[in-house]
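What follows is each chain in one-letter form.
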Amino acid sequence: MSAKKTALTVLSAALPALLVPTLLASPAYAVPTPTPPVDGKGQPRKAPAPPASMSTVGGSALGQPGTQVNLLPGAPALPANLTGRSWIVADAETGEILAAHNAHWRLPPASTMKMLFADTVLPGLPKDQVHKVTDLELDGVGSGSSLVGIKEDAEYSVHDLWLGVFLRSGNDAVHVLSAMNGGVEKTVKDMQAHAEELQALDTHVVSPDGYDAPGQVSSAYDLTLIARSGLQKQDFREYCGTASAKFPGRQEAGKPRETFEIQNTNRLMTGAGGLPPYKGIAGVKNGNTTMAGSTFTGAAQRGDKKLLVTVMNPGTGGANSVYEETADLLDWGFAASGKVKPVGELVPPKSADTTSHGSPAQSHENNPSASGAGSGGGAGTALGVAGGVLAVVAGGAYAVNRRWPRGRGRRARGRA
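Residues numbered from 1 in each chain as written. Predicted model: local features only at pLDDT ≥ 70, side-chain atom pairs only at ≥ 80, totals over all residues. Heavy atoms only, no water.

Draft legend 1. Region of interest: the environment of C240. Among the structural elements, C240 can be located in helix α7 (residues 234-240). Separated by 44 residues in the primary sequence, C240 and V284 have C-alpha atoms spaced 5.2 Å apart. (Helix = DSSP H or I, 4+ residues; strand = E, 2+ residues; numbered from the N terminus.)

As C-alpha coordinates, then:
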(Lines give C-alpha, C1' and ligand atoms only; values in the text may rest on other atoms or scores of the structure.)
Protein backbone atom coordinates (compact mmCIF):
# COMPACT_ATOMS: atom_id res chain seq x y z
CA MET A 1 0.00 0.00 0.00
CA SER A 2 2.90 2.38 0.78
CA ALA A 3 3.78 2.46 -2.91
CA LYS A 4 0.58 4.27 -3.74
CA LYS A 5 0.75 8.03 -4.33
CA THR A 6 -2.92 8.64 -4.24
CA ALA A 7 -6.27 8.59 -2.64
CA LEU A 8 -8.08 6.07 -0.57
CA THR A 9 -11.80 6.46 -0.41
CA VAL A 10 -13.44 5.76 2.93
CA LEU A 11 -17.16 5.51 2.80
CA SER A 12 -19.58 6.25 5.60
CA ALA A 13 -22.07 3.58 6.62
CA ALA A 14 -25.39 3.53 4.84
CA LEU A 15 -28.16 1.01 5.33
CA PRO A 16 -30.57 0.72 2.41
CA ALA A 17 -34.29 0.21 2.89
CA LEU A 18 -36.13 -2.56 1.11
CA LEU A 19 -37.81 -2.47 -2.26
CA VAL A 20 -40.18 -4.93 -3.85
CA PRO A 21 -39.48 -4.48 -7.57
CA THR A 22 -41.74 -5.26 -10.47
CA LEU A 23 -41.02 -6.04 -14.05
CA LEU A 24 -42.22 -6.16 -17.64
CA ALA A 25 -42.31 -9.29 -19.75
CA SER A 26 -40.52 -7.96 -22.83
CA PRO A 27 -36.83 -7.16 -22.30
CA ALA A 28 -35.23 -3.91 -23.40
CA TYR A 29 -32.29 -5.23 -25.38
CA ALA A 30 -30.00 -3.32 -27.70
CA VAL A 31 -26.50 -3.80 -28.98
CA PRO A 32 -25.95 -0.79 -31.21
CA THR A 33 -23.27 -0.80 -33.85
CA PRO A 34 -21.22 2.33 -34.40
CA THR A 35 -23.42 4.95 -36.09
CA PRO A 36 -21.83 6.72 -39.06
CA PRO A 37 -22.53 10.44 -39.18
CA VAL A 38 -24.39 10.09 -42.49
CA ASP A 39 -26.30 7.38 -44.33
CA GLY A 40 -25.67 6.08 -47.85
CA LYS A 41 -27.35 9.15 -49.34
CA GLY A 42 -25.32 11.58 -47.33
CA GLN A 43 -28.13 12.37 -44.92
CA PRO A 44 -27.56 12.53 -41.15
CA ARG A 45 -28.40 9.25 -39.45
CA LYS A 46 -30.67 9.21 -36.44
CA ALA A 47 -29.47 7.63 -33.21
CA PRO A 48 -31.23 4.38 -32.22
CA ALA A 49 -34.38 4.91 -30.19
CA PRO A 50 -34.83 3.25 -26.79
CA PRO A 51 -37.31 0.37 -26.53
CA ALA A 52 -40.93 1.35 -25.98
CA SER A 53 -41.02 -0.77 -22.82
CA MET A 54 -38.24 -1.72 -20.46
CA SER A 55 -37.82 -3.42 -17.11
CA THR A 56 -39.58 -1.76 -14.17
CA VAL A 57 -37.17 -3.03 -11.53
CA GLY A 58 -37.01 -0.17 -9.07
CA GLY A 59 -40.24 1.50 -10.13
CA SER A 60 -42.73 1.67 -12.99
CA ALA A 61 -41.46 5.04 -14.23
CA LEU A 62 -38.06 3.51 -14.92
CA GLY A 63 -39.60 1.28 -17.58
CA GLN A 64 -40.66 4.27 -19.65
CA PRO A 65 -38.43 5.72 -22.38
CA GLY A 66 -37.18 9.25 -22.06
CA THR A 67 -36.37 11.42 -19.05
CA GLN A 68 -38.14 10.74 -15.76
CA VAL A 69 -38.03 13.47 -13.11
CA ASN A 70 -40.56 14.98 -10.69
CA LEU A 71 -39.47 18.52 -9.82
CA LEU A 72 -40.96 20.10 -6.71
CA PRO A 73 -41.19 23.88 -6.18
CA GLY A 74 -37.75 25.43 -6.03
CA ALA A 75 -36.02 22.49 -7.73
CA PRO A 76 -33.34 23.31 -10.30
CA ALA A 77 -33.93 22.30 -13.89
CA LEU A 78 -31.98 19.37 -15.23
CA PRO A 79 -28.76 20.26 -17.06
CA ALA A 80 -29.28 21.37 -20.62
CA ASN A 81 -27.88 19.47 -23.59
CA LEU A 82 -27.51 16.06 -21.96
CA THR A 83 -26.75 13.59 -24.75
CA GLY A 84 -26.22 10.27 -22.96
CA ARG A 85 -28.43 7.50 -24.32
CA SER A 86 -29.03 6.41 -20.75
CA TRP A 87 -28.26 7.97 -17.37
CA ILE A 88 -29.32 7.87 -13.74
CA VAL A 89 -28.86 10.00 -10.61
CA ALA A 90 -29.35 8.15 -7.31
CA ASP A 91 -28.96 8.95 -3.64
CA ALA A 92 -26.27 6.50 -2.55
CA GLU A 93 -27.61 6.15 0.99
CA THR A 94 -31.39 6.08 0.63
CA GLY A 95 -31.35 4.46 -2.81
CA GLU A 96 -33.86 6.98 -4.12
CA ILE A 97 -33.49 7.74 -7.82
CA LEU A 98 -33.71 11.49 -8.27
CA ALA A 99 -33.89 11.42 -12.06
CA ALA A 100 -33.27 8.98 -14.88
CA HIS A 101 -33.21 8.75 -18.64
CA ASN A 102 -33.84 5.36 -20.29
CA ALA A 103 -32.58 3.80 -17.06
CA HIS A 104 -33.14 0.18 -18.14
CA TRP A 105 -32.00 0.47 -21.76
CA ARG A 106 -29.69 -2.49 -22.36
CA LEU A 107 -26.52 -1.14 -23.92
CA PRO A 108 -22.89 -2.29 -24.22
CA PRO A 109 -21.14 -1.35 -20.97
CA ALA A 110 -17.46 -1.32 -22.03
CA SER A 111 -15.08 -1.42 -19.05
CA THR A 112 -17.73 -0.44 -16.53
CA MET A 113 -18.37 -4.21 -16.66
CA LYS A 114 -15.15 -4.49 -14.65
CA MET A 115 -17.11 -3.26 -11.61
CA LEU A 116 -19.11 -6.49 -11.74
CA PHE A 117 -15.92 -8.47 -12.35
CA ALA A 118 -14.30 -6.96 -9.27
CA ASP A 119 -17.38 -7.23 -7.07
CA THR A 120 -17.61 -10.92 -8.01
CA VAL A 121 -13.97 -12.05 -7.93
CA LEU A 122 -12.21 -9.70 -5.51
CA PRO A 123 -13.52 -11.24 -2.25
CA GLY A 124 -12.17 -14.69 -3.12
CA LEU A 125 -8.53 -13.83 -3.83
CA PRO A 126 -6.20 -12.81 -0.97
CA LYS A 127 -4.51 -9.55 -1.94
CA ASP A 128 -1.05 -10.75 -0.89
CA GLN A 129 -1.24 -13.92 -3.02
CA VAL A 130 1.50 -13.95 -5.68
CA HIS A 131 0.94 -15.44 -9.13
CA LYS A 132 3.34 -16.20 -11.98
CA VAL A 133 1.72 -15.32 -15.30
CA THR A 134 1.68 -17.78 -18.19
CA ASP A 135 1.37 -16.98 -21.89
CA LEU A 136 -1.93 -18.90 -22.06
CA GLU A 137 -3.48 -16.52 -19.55
CA LEU A 138 -2.84 -13.60 -21.88
CA ASP A 139 -3.90 -15.33 -25.11
CA GLY A 140 -7.55 -14.33 -24.85
CA VAL A 141 -6.97 -10.58 -24.46
CA GLY A 142 -8.81 -8.83 -27.30
CA SER A 143 -7.07 -6.82 -29.99
CA GLY A 144 -6.84 -3.13 -29.09
CA SER A 145 -7.55 -3.79 -25.40
CA SER A 146 -6.43 -1.40 -22.71
CA LEU A 147 -3.44 -2.95 -20.94
CA VAL A 148 -1.45 -2.33 -17.79
CA GLY A 149 1.62 -4.10 -19.16
CA ILE A 150 1.68 -7.55 -17.59
CA LYS A 151 4.42 -9.85 -18.88
CA GLU A 152 4.40 -13.62 -19.06
CA ASP A 153 6.67 -15.50 -16.66
CA ALA A 154 6.64 -12.50 -14.30
CA GLU A 155 5.15 -12.58 -10.82
CA TYR A 156 2.46 -10.21 -9.56
CA SER A 157 0.52 -9.97 -6.34
CA VAL A 158 -3.28 -9.93 -6.43
CA HIS A 159 -3.01 -6.39 -5.08
CA ASP A 160 -0.88 -5.38 -8.09
CA LEU A 161 -3.34 -6.97 -10.49
CA TRP A 162 -6.34 -5.14 -9.02
CA LEU A 163 -4.47 -1.85 -9.33
CA GLY A 164 -4.02 -2.73 -12.99
CA VAL A 165 -7.73 -3.41 -13.37
CA PHE A 166 -8.98 -0.26 -11.67
CA LEU A 167 -6.35 2.29 -12.65
CA ARG A 168 -5.44 1.27 -16.20
CA SER A 169 -8.56 -0.78 -16.97
CA GLY A 170 -6.12 -3.51 -17.93
CA ASN A 171 -7.75 -6.38 -19.76
CA ASP A 172 -4.50 -8.29 -19.29
CA ALA A 173 -4.94 -8.02 -15.51
CA VAL A 174 -8.56 -9.15 -15.81
CA HIS A 175 -7.57 -12.27 -17.73
CA VAL A 176 -4.88 -13.21 -15.22
CA LEU A 177 -7.27 -12.76 -12.29
CA SER A 178 -9.90 -14.75 -14.19
CA ALA A 179 -7.39 -17.58 -14.60
CA MET A 180 -6.77 -17.47 -10.85
CA ASN A 181 -10.54 -17.66 -10.36
CA GLY A 182 -10.79 -20.87 -12.39
CA GLY A 183 -10.77 -19.51 -15.93
CA VAL A 184 -12.65 -17.03 -18.08
CA GLU A 185 -15.66 -19.30 -18.67
CA LYS A 186 -16.15 -19.92 -14.95
CA THR A 187 -15.65 -16.24 -14.19
CA VAL A 188 -18.31 -15.22 -16.71
CA LYS A 189 -20.74 -17.66 -15.08
CA ASP A 190 -19.84 -16.35 -11.63
CA MET A 191 -20.40 -12.77 -12.77
CA GLN A 192 -23.77 -13.60 -14.31
CA ALA A 193 -24.88 -15.33 -11.13
CA HIS A 194 -23.75 -12.36 -9.04
CA ALA A 195 -25.59 -9.93 -11.33
CA GLU A 196 -28.76 -11.93 -10.79
CA GLU A 197 -28.18 -11.94 -7.03
CA LEU A 198 -27.88 -8.16 -7.12
CA GLN A 199 -31.05 -8.02 -9.25
CA ALA A 200 -29.06 -6.40 -12.05
CA LEU A 201 -31.32 -8.19 -14.50
CA ASP A 202 -30.54 -6.10 -17.58
CA THR A 203 -26.97 -7.39 -17.50
CA HIS A 204 -25.73 -10.19 -19.74
CA VAL A 205 -22.05 -11.10 -19.38
CA VAL A 206 -20.01 -12.44 -22.29
CA SER A 207 -16.47 -11.31 -21.43
CA PRO A 208 -15.21 -10.45 -17.93
CA ASP A 209 -13.36 -7.31 -19.06
CA GLY A 210 -16.19 -5.56 -20.92
CA TYR A 211 -14.54 -6.05 -24.31
CA ASP A 212 -17.09 -5.67 -27.12
CA ALA A 213 -18.94 -8.94 -27.69
CA PRO A 214 -22.34 -9.66 -29.26
CA GLY A 215 -25.01 -9.79 -26.59
CA GLN A 216 -22.90 -8.23 -23.83
CA VAL A 217 -25.10 -5.55 -22.27
CA SER A 218 -25.97 -3.78 -19.06
CA SER A 219 -27.90 -0.63 -18.17
CA ALA A 220 -27.42 2.57 -16.23
CA TYR A 221 -29.66 1.14 -13.52
CA ASP A 222 -27.68 -2.10 -13.26
CA LEU A 223 -24.29 -0.41 -13.29
CA THR A 224 -25.45 1.76 -10.40
CA LEU A 225 -26.58 -1.32 -8.45
CA ILE A 226 -23.24 -2.99 -9.12
CA ALA A 227 -21.27 0.08 -8.05
CA ARG A 228 -23.29 0.29 -4.85
CA SER A 229 -22.49 -3.33 -4.04
CA GLY A 230 -18.80 -2.87 -4.79
CA LEU A 231 -18.54 0.24 -2.64
CA GLN A 232 -19.54 -1.81 0.38
CA LYS A 233 -16.19 -3.65 0.12
CA GLN A 234 -13.15 -1.93 1.59
CA ASP A 235 -10.69 -3.19 -1.04
CA PHE A 236 -13.03 -2.18 -3.87
CA ARG A 237 -13.28 1.32 -2.38
CA GLU A 238 -9.51 1.52 -2.03
CA TYR A 239 -8.78 0.50 -5.60
CA CYS A 240 -11.42 2.64 -7.29
CA GLY A 241 -10.34 5.61 -5.15
CA THR A 242 -6.66 5.31 -6.09
CA ALA A 243 -5.42 8.02 -8.44
CA SER A 244 -1.91 6.68 -9.11
CA ALA A 245 0.36 3.87 -7.99
CA LYS A 246 3.64 2.09 -8.71
CA PHE A 247 3.31 -1.08 -10.79
CA PRO A 248 5.91 -3.89 -11.02
CA GLY A 249 8.10 -3.86 -14.11
CA ARG A 250 11.18 -5.81 -15.16
CA GLN A 251 13.01 -8.09 -12.76
CA GLU A 252 16.75 -8.59 -13.23
CA ALA A 253 18.66 -11.08 -11.14
CA GLY A 254 20.37 -9.53 -8.15
CA LYS A 255 18.61 -6.18 -8.54
CA PRO A 256 15.45 -4.67 -7.04
CA ARG A 257 12.51 -5.05 -9.35
CA GLU A 258 11.77 -2.01 -11.49
CA THR A 259 8.46 -0.20 -11.17
CA PHE A 260 6.58 2.30 -13.28
CA GLU A 261 3.77 4.67 -12.42
CA ILE A 262 0.22 4.05 -13.52
CA GLN A 263 -2.55 6.64 -13.30
CA ASN A 264 -6.29 6.16 -13.00
CA THR A 265 -8.12 6.72 -16.28
CA ASN A 266 -11.01 8.33 -14.38
CA ARG A 267 -10.56 11.96 -15.44
CA LEU A 268 -12.87 13.31 -12.75
CA MET A 269 -10.39 11.92 -10.23
CA THR A 270 -7.07 12.84 -11.82
CA GLY A 271 -7.94 15.97 -13.77
CA ALA A 272 -6.46 14.52 -16.96
CA GLY A 273 -7.62 15.78 -20.34
CA GLY A 274 -7.97 19.33 -19.14
CA LEU A 275 -10.77 18.57 -16.67
CA PRO A 276 -10.51 19.75 -13.07
CA PRO A 277 -10.86 16.96 -10.47
CA TYR A 278 -14.45 16.79 -9.27
CA LYS A 279 -14.80 17.88 -5.66
CA GLY A 280 -15.80 14.90 -3.54
CA ILE A 281 -15.21 12.23 -6.22
CA ALA A 282 -14.72 8.68 -4.92
CA GLY A 283 -14.50 6.60 -8.14
CA VAL A 284 -15.81 4.33 -9.50
CA LYS A 285 -15.18 3.16 -13.14
CA ASN A 286 -15.07 4.40 -16.71
CA GLY A 287 -15.05 2.64 -20.06
CA ASN A 288 -14.86 3.21 -23.80
CA THR A 289 -15.21 0.87 -26.77
CA THR A 290 -16.38 1.12 -30.36
CA MET A 291 -19.79 -0.40 -29.64
CA ALA A 292 -20.37 1.15 -26.23
CA GLY A 293 -18.98 4.60 -26.79
CA SER A 294 -18.04 6.18 -23.47
CA THR A 295 -19.55 4.93 -20.21
CA PHE A 296 -18.97 6.01 -16.63
CA THR A 297 -20.28 5.41 -13.13
CA GLY A 298 -19.18 7.92 -10.52
CA ALA A 299 -19.68 8.31 -6.78
CA ALA A 300 -19.24 11.60 -4.95
CA GLN A 301 -20.06 13.33 -1.66
CA ARG A 302 -20.86 16.93 -0.86
CA GLY A 303 -21.60 17.67 2.77
CA ASP A 304 -23.76 14.85 4.08
CA LYS A 305 -25.16 13.99 0.65
CA LYS A 306 -23.72 11.06 -1.30
CA LEU A 307 -24.69 10.40 -4.92
CA LEU A 308 -24.16 7.79 -7.60
CA VAL A 309 -24.39 8.80 -11.28
CA THR A 310 -24.11 6.58 -14.35
CA VAL A 311 -23.92 7.93 -17.91
CA MET A 312 -23.86 5.69 -20.99
CA ASN A 313 -22.82 6.72 -24.48
CA PRO A 314 -23.08 10.51 -24.83
CA GLY A 315 -24.00 11.38 -28.39
CA THR A 316 -21.83 14.47 -28.80
CA GLY A 317 -18.53 15.87 -27.64
CA GLY A 318 -15.12 14.31 -27.35
CA ALA A 319 -13.29 12.23 -24.80
CA ASN A 320 -14.45 14.43 -21.92
CA SER A 321 -18.18 14.39 -22.69
CA VAL A 322 -19.06 11.44 -20.42
CA TYR A 323 -17.22 13.10 -17.52
CA GLU A 324 -18.71 16.51 -18.19
CA GLU A 325 -22.24 15.13 -18.28
CA THR A 326 -21.58 13.11 -15.13
CA ALA A 327 -20.27 16.21 -13.35
CA ASP A 328 -23.31 18.21 -14.50
CA LEU A 329 -25.67 15.53 -13.18
CA LEU A 330 -23.79 15.33 -9.88
CA ASP A 331 -24.02 19.10 -9.52
CA TRP A 332 -27.74 18.94 -10.29
CA GLY A 333 -28.29 16.06 -7.86
CA PHE A 334 -26.63 17.89 -4.99
CA ALA A 335 -28.63 21.05 -5.74
CA ALA A 336 -31.89 19.11 -6.19
CA SER A 337 -31.65 17.07 -3.01
CA GLY A 338 -34.91 17.40 -1.08
CA LYS A 339 -36.51 19.28 -3.98
CA VAL A 340 -37.57 16.36 -6.17
CA LYS A 341 -39.95 13.46 -5.77
CA PRO A 342 -38.01 10.25 -6.49
CA VAL A 343 -38.93 8.43 -9.69
CA GLY A 344 -37.78 5.04 -8.42
CA GLU A 345 -35.36 3.34 -6.08
CA LEU A 346 -32.44 0.94 -6.02
CA VAL A 347 -33.30 -2.62 -5.06
CA PRO A 348 -31.61 -4.90 -2.52
CA PRO A 349 -29.91 -8.19 -3.39
CA LYS A 350 -32.10 -11.27 -3.56
CA SER A 351 -30.49 -12.69 -0.44
CA ALA A 352 -31.38 -9.61 1.62
CA ASP A 353 -33.94 -9.80 4.40
CA THR A 354 -37.20 -9.47 2.47
CA THR A 355 -39.36 -11.31 4.98
CA SER A 356 -41.97 -8.62 5.43
CA HIS A 357 -41.94 -7.28 1.90
CA GLY A 358 -42.64 -10.22 -0.39
CA SER A 359 -40.37 -11.86 -2.94
CA PRO A 360 -37.31 -10.31 -4.59
CA ALA A 361 -37.31 -9.54 -8.28
CA GLN A 362 -37.52 -12.20 -10.95
CA SER A 363 -36.08 -11.78 -14.42
CA HIS A 364 -38.27 -9.58 -16.58
CA GLU A 365 -37.65 -12.03 -19.39
CA ASN A 366 -39.72 -14.62 -17.55
CA ASN A 367 -42.15 -12.61 -15.45
CA PRO A 368 -45.14 -11.06 -17.26
CA SER A 369 -46.29 -9.02 -14.27
CA ALA A 370 -45.86 -5.27 -13.97
CA SER A 371 -46.70 -3.28 -10.91
CA GLY A 372 -45.21 -0.60 -8.67
CA ALA A 373 -42.20 -0.17 -6.42
CA GLY A 374 -41.33 0.19 -2.80
CA SER A 375 -38.36 1.81 -1.13
CA GLY A 376 -34.73 0.80 -1.52
CA GLY A 377 -31.27 1.90 -0.50
CA GLY A 378 -27.62 2.09 -1.37
CA ALA A 379 -24.08 2.35 -0.10
CA GLY A 380 -22.68 5.64 1.16
CA THR A 381 -19.55 7.20 -0.29
CA ALA A 382 -17.11 9.89 0.76
CA LEU A 383 -13.84 11.32 -0.47
CA GLY A 384 -12.63 14.87 0.14
CA VAL A 385 -10.95 16.88 -2.58
CA ALA A 386 -9.31 20.23 -1.84
CA GLY A 387 -7.49 22.46 -4.29
CA GLY A 388 -7.53 19.74 -6.94
CA VAL A 389 -5.55 17.36 -4.69
CA LEU A 390 -7.15 14.14 -3.53
CA ALA A 391 -7.16 13.87 0.25
CA VAL A 392 -6.02 10.53 1.64
CA VAL A 393 -8.27 9.25 4.42
CA ALA A 394 -6.82 6.38 6.41
CA GLY A 395 -8.54 3.68 8.41
CA GLY A 396 -11.33 2.22 6.33
CA ALA A 397 -14.02 3.06 8.88
CA TYR A 398 -17.02 1.77 6.98
CA ALA A 399 -19.41 -0.54 8.78
CA VAL A 400 -21.69 -2.55 6.56
CA ASN A 401 -24.76 -4.35 7.77
CA ARG A 402 -25.40 -7.01 5.18
CA ARG A 403 -29.02 -7.45 6.28
CA TRP A 404 -31.23 -4.91 4.62
CA PRO A 405 -33.38 -3.12 7.23
CA ARG A 406 -37.13 -3.06 7.14
CA GLY A 407 -38.16 -0.16 4.97
CA ARG A 408 -41.36 1.60 4.10
CA GLY A 409 -42.93 -1.28 2.27
CA ARG A 410 -44.85 -0.58 -0.89
CA ARG A 411 -45.44 3.13 -0.44
CA ALA A 412 -44.19 3.94 -3.93
CA ARG A 413 -46.59 1.62 -5.74
CA GLY A 414 -47.69 3.08 -9.03
CA ARG A 415 -45.43 6.12 -8.74
CA ALA A 416 -44.85 7.77 -12.11
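That covers the picture; the talk isn't over yet.
Draft legend 2. Spatial organisation of the pairing of strand β9 (residues 281-289). Counting buried positions along β9 yields eight of nine residues, so the element is predominantly enclosed. Two strands pair when backbone bridges link them, and β9 and strand β10 (residues 293-302) are joined in this way by seven bridges, in the antiparallel orientation. Residue G287 lies in a different strand from β10, and its bridge partner there is T295. From the end of β9 to the start of β10, which pair antiparallel, there are three residues. (Buried < 20%, exposed > 50% of the residue type's maximum accessible area, 1.4 Å probe, protein only. Pairing = 2+ DSSP bridges.)

Draft legend 3. View of the packing of aromatic side chains. Applying the stated criterion across every chain yields a total of seven aromatic pairs. Between the aromatic rings of F247 and F260, the centroid separation amounts to 5.6 Å while the plane-to-plane angle is 55°, which identifies the pairing as tilted. With F247 in strand β7 (residues 244-248) and F260 in strand β8 (residues 259-263), this residue pair connects regions lying 13 residues apart in the sequence. Residue classification places F260 among the partly exposed positions, given a relative accessible area of 31%. Among the aromatic side chains, those forming a connected cluster through ring pairs are F117, W162, F166, F236 and Y239. One cation-aromatic arrangement involves R257 over Y156; the distance from NZ or CZ to the ring centre is 4.9 Å. (Phe/Tyr/Trp six-rings, centres within 6.5 Å; stacked < 30°, edge-to-face > 60°. Lys NZ or Arg CZ within 6 Å of the ring centre and 35° of its normal.)

Draft legend 4. Helix α1 (residues 113-121), seen in detail. Burial analysis of α1 places nine of its nine residues in the buried class, which makes it a mostly covered element. Taken residue by residue, α1 has M113, K114, M115, L116, F117, A118, D119, T120 and V121 as its buried positions.

Draft legend 5. Here's a closer look at the environment of Q216. Positionally, Q216 belongs in the loop between α5 (184-198) and α6 (220-230). Using a relative accessible area of 2% as the deciding quantity, one classes Q216 as buried. In sequence terms Q216 and V206 are ten residues apart; their C-alpha atoms lie 5.3 Å from each other. Not counting the four nearest positions on each side in its chain, Q216 is found in contact with L107, P108, P109, M113, H204, V205, V206, S207, G210 and Y211. A polar contact of 3.1 Å, which involves the side chain of Q216, links it to the backbone oxygen of Y211. (Contact = heavy atoms within 4.5 Å. Polar contact = N/O pair within 3.5 Å; in protein donor to acceptor, adjacent residues only side chain to side chain.)

Draft legend 6. Highlighting the pattern of salt bridges. Inspection of the entire model under this criterion finds eleven salt bridges. Residue D91 is joined to K305 by a salt bridge in which the shortest nitrogen-to-oxygen separation is 2.7 Å. Of this pair, D91 sits in strand β3 (residues 84-91) while K305 sits in strand β11 (residues 305-314); the two residues are 214 residues apart in sequence, bridging distant segments of the chain. A relative accessible area of 5% places D91 in the buried class. With a shortest N-O distance of 3.3 Å, R302 and D331 are connected by a salt bridge. (Salt bridge = Lys/Arg side-chain N within 4 Å of Asp/Glu carboxyl O.)

Draft legend 7. Here's a closer look at the packing of helix α3 (residues 158-168) against helix α4 (residues 171-180). The interhelical angle for the contact between α3 and α4, taken along N-to-C directions, is 140°, at an axis separation of 8 Å. With respect to each other, α3 and α4 are oriented oblique. As α3 runs across α4, the sense of the crossing is left-handed. Residues V158, L161, W162, G164 and V165 of α3 form the contact with α4, whose own contacting residues are A173, V174, V176, L177 and M180. Residue composition of the contact of α3 with α4, by class: nine nonpolar, one polar and no charged. (Axes fitted to C-alpha atoms, helices over the stretch in contact; angles between N-to-C directions. Parallel < 35°, antiparallel > 145°, perpendicular 65-115°, else oblique. Left-handed = near helix turned anticlockwise from the far one by under 90°. Nonpolar A, V, L, I, M, F, W, Y, C, P; charged D, E, K, R; others polar.)

Draft legend 8. Structural context of unusual backbone geometry. Cis rather than trans, the peptide bond between G283 and V284 has omega equal to 10°. Looking at where V284 falls in the secondary structure, it is placed in strand β9. Even without a glycine there, the phi angle at N81 is positive, about 65°. Inspection of the secondary structure puts N81 in the loop between β2 (70-71) and β3. For N81, a relative accessible area of 70% gives the class exposed. Non-glycine residue N102 carries a positive phi angle of around 50°. Relative to the helices and strands, N102 is located in the loop between β4 (96-101) and α1.

Draft legend 9. Layout of a negative patch on the surface. Taken together, D135, D139, E152 and D153 make up a surface patch of like negative charges. Counting through the fold element by element, D139 comes out in the loop between α2 (135-138) and β6 (155-157). (Patch = residues over 30% accessible without salt bridge, like charges linked within 9 Å, V, L, I, M, F, W, Y side chains within 5 Å. Areas by Shrake-Rupley, 256 points an atom, 1.4 Å probe, with all protein chains shown as cover. Lys, Arg positive; Asp, Glu negative; His and termini not counted. Charge placed at Lys NZ, Arg CZ, Asp CG, Glu CD.)

Draft legend 10. Structural view of the confidence of the model for the protein chain. Taken as a whole, the protein chain shows an average pLDDT of 79; of its residues, 73% reach a score of 70 or greater. Confidence over residues 1-39 falls short of pLDDT 50; this stretch has 183 contacts with residues more than four positions distant or in other chains. (pLDDT = per-residue confidence, 0-100.)

Draft legend 11. Representation of the nonpolar core. In terms of nonpolar packing, the biggest core is built from 65 residues, with I97, I150, W162, F166, L177 and Y221 touching the most fellow members. Sorting elements by how many residues they give to this core places α3 first, with seven residues. The contact partners of Y221, leaving out residues within four places of it in the chain, are V57, G58, L62, I88, I97, A103, H104, E345, L346 and V347. Judged by nonpolar contacts, the second largest core, of 25 residues, contains A75, W87, L307 and V322. (Core = buried A, V, L, I, M, F, W, Y, C linked by side-chain atoms within 4.5 Å.)

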